[in-house]
There are 2 protein chains.
Amino acid sequence: MTTVNALSEVAALMGDPARASMLSLLMDGRAHTASELALTAGVTAQTASGHLSRMVEANLLAARAQGRNRFYRLASSDVAHAIESLMALAGTRAAPASLHAAWRRDPDLRFCRTCYDHLAGQVGIAVTDALTKAGHIEPKGPRDWTLTEPGELFCQRIGVDVPGARRAGSRHFARQCLDWSERRPHISGALGAAIADTFFSRGWAEKLRRSRTVRLTDSGRRAMGSHFGATLS
Amino acid sequence: MTTVNALSEVAALMGDPARASMLSLLMDGRAHTASELALTAGVTAQTASGHLSRMVEANLLAARAQGRNRFYRLASSDVAHAIESLMALAGTRAAPASLHAAWRRDPDLRFCRTCYDHLAGQVGIAVTDALTKAGHIEPKGPRDWTLTEPGELFCQRIGVDVPGARRAGSRHFARQCLDWSERRPHISGALGAAIADTFFSRGWAEKLRRSRTVRLTDSGRRAMGSHFGATLS
DNA sequence: CTGATGGTTCGGCACCGGCCGAACTATTGG
DNA sequence: CCAATAGTTCGGCCGGTGCCGAACCATCAG
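Read on for a plain summary of the structure.

### A word on the protein's contact with DNA strand C
So, point 1. Near DNA strand C there are 21 residues, and of these S35, Q46 and Y72 of chain A together with Q46 and H51 of chain B occur at the shortest range.
So, point 2. Near the protein, within 4 Å, the atoms of DNA strand C are sugar or phosphate in 69% of cases.
So, point 3. Within the side chain of S49 of chain A, a nitrogen or oxygen atom sits 2.9 Å from a phosphate oxygen of DNA strand C.
So, point 4. The contact in question runs from a phosphate oxygen of DNA strand C to an N or O atom on the side chain of Y72 of chain A, over 2.7 Å.
So, point 5. Elements supplying a minimum of two residues to the surface near DNA strand C: α3 (34-41), α4 (45-57) and β3 (69-74) of chain A together with α2 (17-26) and α4 (45-57) of chain B.
So, point 6. For the surface near DNA strand C, the element with the highest residue contribution is α4 of chain B, accounting for 4 residues.

Here's what the structure looks like:
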């Protein structure tokens, strides 16, 4: 009963095209201003303002005032995860042919992107697969992983701040997040974020402006081979 | 762009209270009739019918007609996953399956009964699940199974007359029949009947008079364990 | 202080979509 | 063949909500 209402309320919030556009943009994990979000949603500022306050009210978004701007971001990685799950569903919808075309249209996004604050797409999957294959992470429960002792050493070696990730409050440490383009779980949670940080700080990857797309640098490609034993198409 | 629309469309479907109620009920993984879903959603049959066809259209649900009922179930585990993610956002856990009054009224019938000439109820489901899990039968088409080579040997070993079943005229050989109490498919058709015959002729089960209820004998319970690897409540 | 920019609140309009009554089809059982 | 039950389609009503114009705060630059 109550859970039903909660489900419909949350889903209804995501079900409006304008709000869905905003959420999509915010999937890059960054904070965006209200006017920026209004622009991408194709509505006026006052309409966007209404949408945004409703989503903050429902704990989908978090807002932060800075100067005369207000920045909005996803409230938690759980929100990002739910959105990814819905996008995965959209992939199964009717007319697979036309949808395939949509995928082809954005191969870079499928190759590597941010999902909230961790890596997704083929690169995210490749990293996750490599960690699994090497025994660095092991499934624990239906939606989590544990970092094994060799995994801990490996992370230390490539410069992932594991202690920092463990300190990350009540956040899940190593979570499975369903990748909508690859349709398989990649690693998220505090550890997933720490790994992504490593990719960016070591210059293995860089965020493209105004997009969730991430470009893997040449040194990033070499790192994928040497550290993760992965060959990317 | 395309992915945004897809996101909002899927979310909007889940965002209606009536549809959310239906999806919540279907989270038990079983198939439910249209009228049952209408009842729990608190809408009339015609309204429910509209909702259901829209969700089938969007590949959220799968429908199957049987007799004069239409059974609806979640189209895939991905759908269940997405719903659970949304529920997690609201901090509420998915409610456990609600028990139907009919189940409590006749637990024996629910445990084991004949469905025309084959076994149904928990035992029918357990047999079917065991055959599936062991790779003895495999789904073929929307409503049939094929008997694999190991399955053929297994049947021969426990004394199921497979050649006789194959000879059974124009009748379907191995058919999926939706179980009324378990709401999941069990095996019917000529092979299902032959399996039931084996249960009766080997003294594993016996029909109760003036009833569809079937009693599993002690040797039947042992057989369920040894041949089918199933533990029954 | 004044003007400019970013953001929110308010009020009213217009449209979408959920709902039901009524009528119709299909299956089952007697 | 008829009655009962399950389900769908059609048409029209009505409420919720997304939208914008206008007015109203807040911050910053000069």
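The rest of the description comes next.
### What about the protein's contact with DNA strand D?
So, point 1. Around DNA strand D there are 20 residues in total, and Q46, H51 and R54 of chain A together with S35 and Y72 of chain B lie nearest to it.
So, point 2. Within the side chain of S35 of chain B, one N or O atom sits 2.5 Å away from a phosphate oxygen of DNA strand D.
So, point 3. For the surface near DNA strand D, the secondary structure elements donating two or more residues are α4 of chain A together with α3 (34-41), α4 and β3 (69-74) of chain B.
So, point 4. Among the elements that take part in the surface near DNA strand D, α4 of chain A stands out by supplying 4 residues, more than any other.

### Regarding the interface of chain A and chain B
So, point 1. In this assembly, 34 residues from chain A lie in contact with 33 residues from chain B.
So, point 2. Buried surface at the junction of chain A and chain B, summed over both partners, amounts to about 2,900 Å²; 74% is from carbon and sulfur atoms.
So, point 3. Between chain A and chain B we count 0 salt bridges in total.
So, point 4. Here chain A is connected to chain B by 1 residue pair in polar contact (both at pLDDT 80 or more).
So, point 5. Elements supplying a minimum of two residues to the side of chain A that touches chain B: α1 (2-14), α2 (17-26), α5 (77-91) and α6 (96-105) of chain A.
So, point 6. The biggest single contributor to the side of chain A that touches chain B is α5 of chain A, with 10 residues.
So, point 7. Residues of the side of chain A that touches chain B, tallied by class, amount to 21 nonpolar, 8 polar and 5 charged.

### Focus on the packing of aromatic side chains
What describes a pair of aromatic rings is the distance from one ring centre to the other and the angle between the planes of the rings.
So, point 1. According to the stated counting rule, one finds 6 aromatic pairs over all chains in the structure shown.
So, point 2. Summarising the aromatic geometry, the rings of F199 of chain B and W204 of chain B are spaced 5.1 Å apart at their centres and angled 85° between planes, so their arrangement reads as edge-to-face. One exposure class covers both F199 of chain B and W204 of chain B, and it is buried.
So, point 3. In textbook terms, an aromatic cluster arises when at least three aromatic residues are bridged by ring pairs, as seen for F154, F199, W204 and F228 of chain A.
So, point 4. Here K207 of chain A stacks its cationic end above the ring of F200 of chain A, 5.3 Å away from the centre of that ring.

### So, the pattern of salt bridges
All names here are of chain A.
So, point 1. A full pass over the atoms with the stated rule returns 7 salt bridges over all chains.
So, point 2. Taking the shortest distance from any N to any O, the salt bridge between D144 and R175 comes out at 2.9 Å. Taken together, the positions of D144 in strand β7 (residues 144-147) and R175 in strand β8 (residues 175-178) put the pair 31 residues apart, joining distant regions of the chain. The same class applies to D144 and to R175, which are both buried.

Reading the values: rules and limits
Throughout this description, residue numbers start from 1 for each chain and increase along the sequence as written. Numbering of ligands from 1 and lettering of chains from A proceed in the order in which they are written. Given that the model is predicted, a residue must reach a pLDDT of at least 70 before its local features are reported, and side-chain atom pairs must reach 80 or more before they are shown or counted; all residues, however, enter totals for whole chains, interfaces and linings. Calculation of side-chain values draws on the structure's entire complement of heavy atoms; hydrogens and water are dropped beforehand. Residues are labelled near a given molecule or strand when at least one of their non-hydrogen atoms is within 4 Å of it. Polar contact is the term for a pair of N or O atoms within 3.5 Å; when the atoms are in protein, one must be able to donate a hydrogen and the other to accept it, and sequence-neighboring residues count only if both atoms are side-chain atoms. What counts as a helix is a DSSP run of H or I of at least four residues, what counts as a strand is a run of E of at least two, and both are numbered from the N terminus. The contact definition used throughout considers only heavy atoms, calling two residues in contact when any of these lie within 4.5 Å. Note on definitions: buried area is the accessible-area loss of two parts on being combined, 1.4 Å probe, summed for both. Any carboxyl oxygen of Asp or Glu that lies within 4 Å of a side-chain nitrogen of Lys or Arg is treated as forming a salt bridge with it. Gly is put with the polar residues, along with every residue not named as nonpolar or charged; the nonpolar set is Ala, Val, Leu, Ile, Met, Phe, Trp, Tyr, Cys and Pro, and the charged set is Asp, Glu, Lys and Arg. Here the aromatic set is Phe, Tyr and Trp, taking the six-membered ring for Trp, and pairing holds for ring centres within 6.5 Å; pairs whose planes are under 30 degrees apart are stacked, those over 60 apart are edge-to-face, and all others are tilted. A simple rule labels every residue: compare its accessible area, found with a 1.4 Å probe on the protein chains alone, to the largest value its type can have, and call it buried under 20%, exposed over 50%, or partly exposed in between. Either the NZ atom of lysine or the CZ atom of arginine qualifies as a charge over a ring when it sits within 6 Å of the ring centre and within 35 degrees of the ring normal.

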